[in-house]
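Here is how the chains run, residue by residue.
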Amino acid sequence: MNPPIYFLRRTFLGLGFLLFYCEFLIFYTTQITCTWPSLDPSKQDPNITSSEPPVKAMILADTHLLGSRHGHWFDKLRREWQMYRAFQTAITIHRPEQVFILGDLFDEGLYSSKKEFDYYIARFYSLFSVPEGTSMNVVVGNHDIGFHYHVNPYLKARFEKGFNAPSVRLVSVRGNHFVLVNSMALEGDGCFLCKPAEEELAKIQRTLACTQNFKTGCNLKLDKYSKPILMQHYPLYRASDKDCKDFDAAPLPQREEELFRETWECLSKAATYQILRQIKPRLALSGHTHHGCTRQLPIGDGIEITIPSFSWRNKDNPNYALGVFAANNYAISKCEMPKESNVINMYMWGIGGLFLYLLLCKRYKLHR
């Protein structure tokens, strides 16, 4: 074989393997190290008995699928491929029975025409398809329909219809009760968005109370009581991310300098205390900030975990959470995905190595 052709073939083979590893295989080599967390018997609620197998759920947030206004076409293509590959890898490895996505599915849902929004929905279900036996549950975010004062009945209705995602919903699976809430509906001003949400939350509050206290004459009882899991887009009220020490927390000095505005970066203090008193969750899960945070709830003995953005456009080290939920116990952990900075470095080193290889080949040819 002619030496130049031989070296060129090996170069193209190297480029092909580099592309295959960085765009496909790396998702498996990174995500396969993450496993389902184990329930700790010492954290079991002694007041609740449970004999059913726990529910395995995958939780992610802030996918921010780009629309026609923001982002270059290549940026859109690359981010969608990354999220598609990471999500489908997670589904293949972990096989969750429930998937929860905590809002901001789209980046420009507020501004989309009907035609573009319909395309958004189809694209979302194509990228984040789940197999038979896995349920997809979606919470609305501000980028999907707008902040509170931008939401109108049309925007609200088309999102709810497209994803079967009413403002407040109770999802019960084997004694575990997930309360899914539209964060923008918690302003407390009695508007078309807030009043029905408040009424539905009050109904869920009565349902949980009837089930817990074994009240007779209740038409709203559940099969089994357990402390619920609150899921919404906004985090509960906090002044900033200053006390967030997670590995995926906002970088310094951002988390110390950027203060949260109520109803913008987090729920208002009033809405936070109201919803915590109403449903008394053992765990609250949120997104919106694009960074991770774990903190104690201001009421009760539960915790809140903020899930970072699932998109590399928003974070170098995106991740998702795996939760194992029993009626009297739960365990949750985060799964890392490939860092974009690592992938870029691999491309740079790989292409640099192949370029050096070609130079050596050329030198070999000149000395023949």
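The rules behind the values
Residues numbered from 1 in each chain as written. Predicted model: local features only at pLDDT ≥ 70, side-chain atom pairs only at ≥ 80, totals over all residues. Heavy atoms only, no water. Helix = DSSP H or I, 4+ residues; strand = E, 2+ residues; numbered from the N terminus. Contact = heavy atoms within 4.5 Å. Areas by Shrake-Rupley, 256 points an atom, 1.4 Å probe, with all protein chains shown as cover. Lys, Arg positive; Asp, Glu negative; His and termini not counted. Charge placed at Lys NZ, Arg CZ, Asp CG, Glu CD. Pairing = 2+ DSSP bridges. Axes fitted to C-alpha atoms, helices over the stretch in contact; angles between N-to-C directions. Parallel < 35°, antiparallel > 145°, perpendicular 65-115°, else oblique. Nonpolar A, V, L, I, M, F, W, Y, C, P; charged D, E, K, R; others polar. Buried < 20%, exposed > 50% of the residue type's maximum accessible area, 1.4 Å probe, protein only. Left-handed = near helix turned anticlockwise from the far one by under 90°. Disulfide = S-S within 2.5 Å.

K.L.:
Just checking my understanding: could you explain the overall build of the protein for this structure?
P.N.:
Within the protein one finds nine helices and eleven strands. Oriented by its inertia axes, the alpha-carbon framework of the protein measures out at about 95 × 45 × 45 Å. Taking all contacts inside the protein whose residues are at least 6 apart in sequence as the whole, residues at least 24 apart take part in 74%. Carbon and sulfur atoms make up 57% of the accessible area of the protein, which amounts to about 18100 Å² in all. If you average the places of the 43 positive and of the 36 negative side-chain charges in the protein, the two averages end up 6 Å apart.

K.L.:
How do you make sense of the sheet that holds strand E7 (residues 283-286) when you look at a structure like this?
P.N.:
Sheet strands associate in pairs through backbone hydrogen bonding, adopting either a parallel or an antiparallel arrangement. Spatially, six strands are ordered E4-E5-E6-E7-E9-E8 in an open sheet, and the strand pairing comes out mixed. Since the sheet does not close on itself, it has two edges, and those belong to strand E4 (168-173) and strand E8 (293-296), each with one partner. Across the sheet, the axes of successive neighbouring strands diverge by a mean angle of 20°, strand direction being ignored. The pairing of E7 with strand E9 (residues 303-306) spans four bridges and is parallel. Looking across to E9, one finds that Ala284 is bridged to Glu304.

K.L.:
Could you clarify how one ought to interpret the packing of helix H6 (residues 194-213) against helix H8 (residues 269-279) in this entry?
P.N.:
When two helices pack together, their arrangement is captured by the angle between the axes and the distance separating the axes. Direction vectors running N to C along H6 and H8 enclose 30°, while the axes themselves pass 8 Å from each other. As the angle between them shows, H6 and H8 are arranged roughly parallel. Counting all contacts with H6, which are made through Leu201, Ala202, Gln205 and Leu208, the residues of H8 involved are Ile275, Arg277, Gln278 and Ile279. By residue class, the composition of the contact of H6 with H8 is five nonpolar, two polar and one charged.

K.L.:
Would you explain the side chain of Lys76 in this entry?
P.N.:
Along the chain, the position of Lys76 falls in helix H2 (residues 73-94). Overall, Lys76 belongs to the buried group, its relative accessible area being 19%. Here Lys76 is in contact with Leu66, Gly67 and Tyr119, once residues within four sequence places are set aside.

K.L.:
Help me out: how do you make sense of the packing of helix H3 (residues 114-127) against helix H5 (residues 153-163) in this one?
P.N.:
Packing of H3 against H5 brings their axes to within 11 Å, and their N-to-C directions diverge by 30°. Classified by the interaxial angle, the pair formed by H3 and H5 is roughly parallel. As H3 packs across H5, the resulting crossing turns out to be right-handed. Contact residues: H3 offers Lys114, Phe117, Ile121, Phe124 and Tyr125, while H5 offers Tyr154, Arg158, Phe159, Gly162 and Phe163.

K.L.:
Teacher, can you tell me more about the sheet that holds strand E1 (residues 55-60) here?
P.N.:
The strand order E3-E2-E1-E10-E11 describes an open sheet built from five strands, whose pairing is mixed. The open sheet has two edge strands, strand E3 (135-139) and strand E11 (329-336), and neither has a second partner. For this sheet, the mean angle separating the axes of adjacent strands, direction not counted, is 20°. With respect to the sheet, H2 is in contact with E1, strand E2 (98-102), E3, strand E10 (319-326) and E11, its orientation differing from that of E1 by roughly 165°.

K.L.:
Could you clarify how one ought to interpret the state of the cysteines in this entry?
P.N.:
Linking two cysteines covalently via their sulfur atoms produces the bond known as a disulfide. Under the criterion given, the structure shown has two disulfides. A sulfur-sulfur distance of 1.9 Å marks the disulfide that ties Cys34 to Cys335. For the disulfide bridge between Cys34 and Cys335, the dihedral angle about the S-S bond is near -60°, and by the sign convention the bridge is left-handed. A residue pair is termed long-range when its members are at least 10 positions apart, and Cys34 in the loop between helix H1 (3-31) and E1 and Cys335 in strand E11 qualify at 301 residues.

K.L.:
I would appreciate a short explanation of the environment of His64 in the present structure.
P.N.:
With respect to the element layout, His64 can be found in the loop between E1 and H2. The class of His64 is buried, set by a relative accessible area of 6%. Separated by 202 residues in sequence, His64 and Cys266 place their C-alpha atoms 18 Å apart. Residue contacts for His64: discarding those within four places in its chain leaves Asp104, Leu105, Phe106, Asp107, His143, His290 and Asn314.

Everything listed is a geometric property; what it means functionally is a separate question.
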